[in-house]
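Descriptive analysis of the structure
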Amino acid sequence: MRSALLAGLAALVLVAPAVAQPIDRHALVTRHNVKLAKVDPSAPLMVGNGQIGFTADITGLQTFPEAYSKLAPLLTEAQWAWHAFPNPNNWSYADVTTPIDVRGTKQPYAYMKDWSEAESRPAMAYLRENPHRFSLGRVGLDLRDRAGNPARFEDLTGTEQTLDLWTGVLTSRFVYDGQTVTVRTRVHPTLDMIVVDVESALVEQGRLKLSVKFPGVSRTLNPDPSDWSHPALHTTKVTAEGAARLDVARRLDDTRYFAALQADRAVDFTAAGPHAYLVGPKARSRTLGLEVAFSRQALPKLPTVKAADQATRSHWRSYWTEGAAVDFSGSADPRAAELERRVVLSQYLMALNGAGEVPPQEEGLFSNSWNGKFHLEMHAWHAGHFALWNKPEYLERSLPWYIGHLKDAKARAASHGLKGAWWPKMVGPDGVDSPSKVSPFIMWQQPHPIWMSELIWRDKPTKATLAKYGQLVSETADLLASFPHRDDKGRFVVGPPIIPVQENHDPLTTFNPAFELEYYRWGLETAQRWRLRAGLARKPEWDAVINGLAPLATKDGLYLPAESAPDFWAVAKSQPCSRRAVGAQCMNRDHPSFLMAYGLIPGKADPETMRRTLRAVESDWDLRQTWGWDYPMAAMTAARLNEPEKAVDWLFYDAKNNKFGVSGMTPRVHLDEHAQAFVPKAGEGGEVGPDGPGYTRAAETYFPSNGSLLAAVAMMAGGWDGSKGPAPGFPKNGKWTVRAEGFKRLP
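Right, let's get into helix H4 (residues 122-129). Summarising burial for H4: six of the eight residues are buried, a large majority. When H4 is considered as a whole, its buried residues turn out to be Ala123, Met124, Ala125, Tyr126, Leu127 and Arg128. Those residues of H4 that are buried lie in contact with strand E7 (98-102), helix H3 (117-120) and strand E26 (426-427).

Let us look at the side chain of Ser663. Summarising the element assignment, Ser663 is placed in the loop between helix H19 (644-651) and strand E31 (668-671). Not counting residues within four places of it along the chain, the set of residues in contact with Ser663 comprises Ala43, Leu45, Leu345 and Leu349.

The antiparallel open sheet is built from four strands, whose spatial order is E10-E15-E22-E21. Each edge of the open sheet carries a strand with a single partner, namely strand E10 (138-143) and strand E21 (267-271). When the angles between neighbouring strand axes are averaged without regard to direction, this sheet yields 25°. As judged from the six bridges shared by E10 and strand E15 (residues 208-213), these two strands associate in the antiparallel manner. Residue pairing in the sheet places Val139 in a bridge with Val212 of E15.

Per the counting criterion, the structure on display carries 48 salt bridges. Linking Glu340 and Arg31 is a salt bridge whose minimum nitrogen-to-oxygen distance equals 2.6 Å. Of this pair, Glu340 sits in helix H7 (residues 336-353) while Arg31 sits in the loop between helix H2 (25-30) and strand E2 (34-36); the two residues are 309 residues apart in sequence, bridging distant segments of the chain. Judged by relative accessible area, which is 39%, Arg31 ranks as partly exposed. Arg186 is paired through a salt bridge with Asp197; the nearest N and O atoms lie 2.7 Å apart.

Another aspect to go through is the confidence of the model for the chain. On average, residues of the chain score 95 in pLDDT, and 96% of them reach the 70 mark or higher. Predicted confidence for residues 1-13 stays below pLDDT 50, and this span has 27 contacts to residues more than four positions away or in other chains. When the criterion is pLDDT under 50, residues 680-685 qualifies, and its contacts beyond four places in sequence or with other chains add up to 11 contacts.

Further remarks concern helix H8 (residues 379-388). Along H8, 10 of the 10 residues are buried, which leaves the element largely enclosed by surrounding structure. Within the span of H8, buried status applies to His379, Ala380, Trp381, His382, Ala383, Gly384, His385, Phe386, Ala387 and Leu388. One or two steps after H8, the chain reaches Asn390, where phi turns positive at roughly 65°.

Burial analysis of strand E19 (residues 245-252) places seven of its eight residues in the buried class, the great majority of the element. With six bridges connecting them, strand E18 (residues 235-241) and E19 associate as antiparallel partners. Bridge pairing in E19 places Thr235 opposite Arg251. Taking the residues between adjacent antiparallel strands as the criterion, E18 and E19 are bridged by three residues. Of the strand pairs in this sheet, E19 and strand E20 (residues 255-263) are connected by eight bridges, and their pairing is antiparallel. Following the sheet pairing, Arg245 is matched in E20 by Gln262. Between E19 and E20, which pair antiparallel and follow one another directly, the connecting turn spans two residues, one of which, Asp253, has a positive phi of 55°.

Another aspect to go through is the sheet that holds strand E12 (residues 169-176). The strand order E2-E11-E12-E13-E14-E23-E20-E19-E18 describes an open sheet built from nine strands, whose pairing is antiparallel. Edge positions in the sheet fall to E2 and E18, since each has one partner strand and no second. Neighbour to neighbour, the strand axes of the sheet diverge by 15° on average, direction disregarded. Sheet topology places strand E11 (residues 157-164) next to E12; six bridges connect them, and they run antiparallel. Bridge pairing in E12 links Thr162 to Thr171. Of the strands in this sheet, E12, strand E13 (179-187), strand E14 (193-199) and strand E23 (287-295) are in contact with helix H6 (residues 305-321), which crosses E23 at around 70°.

So, how was this worked out
- Residues numbered from 1 in each chain as written.
- Predicted model: local features only at pLDDT ≥ 70, side-chain atom pairs only at ≥ 80, totals over all residues.
- Heavy atoms only, no water.
- Buried < 20%, exposed > 50% of the residue type's maximum accessible area, 1.4 Å probe, protein only.
- Helix = DSSP H or I, 4+ residues; strand = E, 2+ residues; numbered from the N terminus.
- Contact = heavy atoms within 4.5 Å.
- Pairing = 2+ DSSP bridges.
- Axes fitted to C-alpha atoms, helices over the stretch in contact; angles between N-to-C directions.
- Salt bridge = Lys/Arg side-chain N within 4 Å of Asp/Glu carboxyl O.
- pLDDT = per-residue confidence, 0-100.

So, in structure tokens, the structure goes:
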């Protein structure tokens, strides 16, 4: 990594003339430290390491969850922490499939015609909800007044909180009953362990202790899976207790895990119920340090609080000094500082939420959506940017998940009479597809393992990379070659059934969606290059599909979202639909994904046709109903079209889902008319939320926004194959000073 950094420094690029000196990364990062003086109900701050995430309130712990939005629960979630309710009926995937006619043959799809079908087919509800993520525990302050009563949130004054991005340490201060309390919180870089130390006279007075509680799992899994009301449904068993350490074994149905509480001095561990403990020093002291570690196995000896603190600081220093960086200081464009803030905070958040052993869920480790399951079509946005920022090891944490599930993916393809590996959309760690109105027909995730493996190759072009991911690339390509079928014109056609990236198309009639066509073509061509790198000949059957796939459909000089929608733009441009796609006939909402055919990938689309299509999106798409990753995605298309001013404009498009809050998170907001079409029971409903009348806020965070921003900025600052000059995606109008180092080019 150090040699890569030196190579990156040698390639340091600037848009405006300046001295080519290495970026002062400490200054770059720390000028965007998050500082709060009061609660932001939508944005509790996070610390974590990619495997575990800890969401903290203004006290630095999880003391006052009631001060936050119901969509922002204070959770402790881990990538390995999954639970399933008992399944006495032994329901399996076979119990939730529906035979769908596919050109004269019946094929199994876990298709729900309506969300209400889960009520009449309980197997569907079970497979959709299980397994699910759960919260491992809650670590907070037990703060008491002089009479011994619990403190109220409103009794706190002088609150201030700083998240030091350079060190990964969250420092919180407040005053209670005239006494200052200082709390420092962080997460160990390699252990799933929260590390906290507290300093206050209240500790010495015995009125401030640390509290550790373990919840059950609620039947209402989203956004907060914690159940605090049924203690008899789970167990907490003390397995060892010493002067400064308490070990417990946890059981929730068939899920087992372990926790260890280790203090920095002799303490009293006092049971505060069947699943809760208070921790206070035995001897008088103003300070108390505590580590709370979680694991799938009994925990070994833990480092000291001081050693854990040093390890955390060292880890984050390495994270920021290695890989790529971009600095916009000195720019005259007033948006530059805000873009830099968004980029730095997104780098932090994705290291916490997008770099674990399994593909991340869309809300990461912050809260649950879709029962905490991950959506494989989002994996490219969540983690592909790591390779572009010259941090491939973070992408490689989750990429092996596919290798471990190749057998399952091949069996899924075989059940449809196809070759290769068929990757599902919405899954848990078991890899079982979840029943849905949409998920079974989504197919744009299929080339993702090839795209991500190619990014790894471009970072590490070695025989070891070919050996590690070669079979994954080959099996994925076999599916890409066998899923299309020949039509009566001799073309290879994709679908039906298929739902494109833009999910409001009928799965049973849609065919040849634009991005999928181009992505399959690109994926197969890339897989052929992998064969050549390995000394193998091209596969003729792959070449037949590459050369025979239908071209992207056009009408009136514009690319269509799918060939099966020839009147799309005529309707979209009509008065009832243009920029306001509410009526059923108005399809110009959701993801304008056809833009990716000449943006995310270097497709064979005609640049001028794509340029006209981008203009049509700008003039007629209902951009109120786009998602957080759509804006960077459009920016990538503008950049590849050599329209850097447009690219920056897209990054800053003024939409509800493109608002980066104080912590760097963006919300997920839907227009009321269509909220339930995407997520059953989205948000709370019935009240006007923070986004104003007519909108439903479904989540306080949506991490594909952050990942796509990082991918777009990497492309714009670091370039793409065939781009010319430094920072080719940024304007050359004298308003931007872009200092970029260490980036890898996008294909």
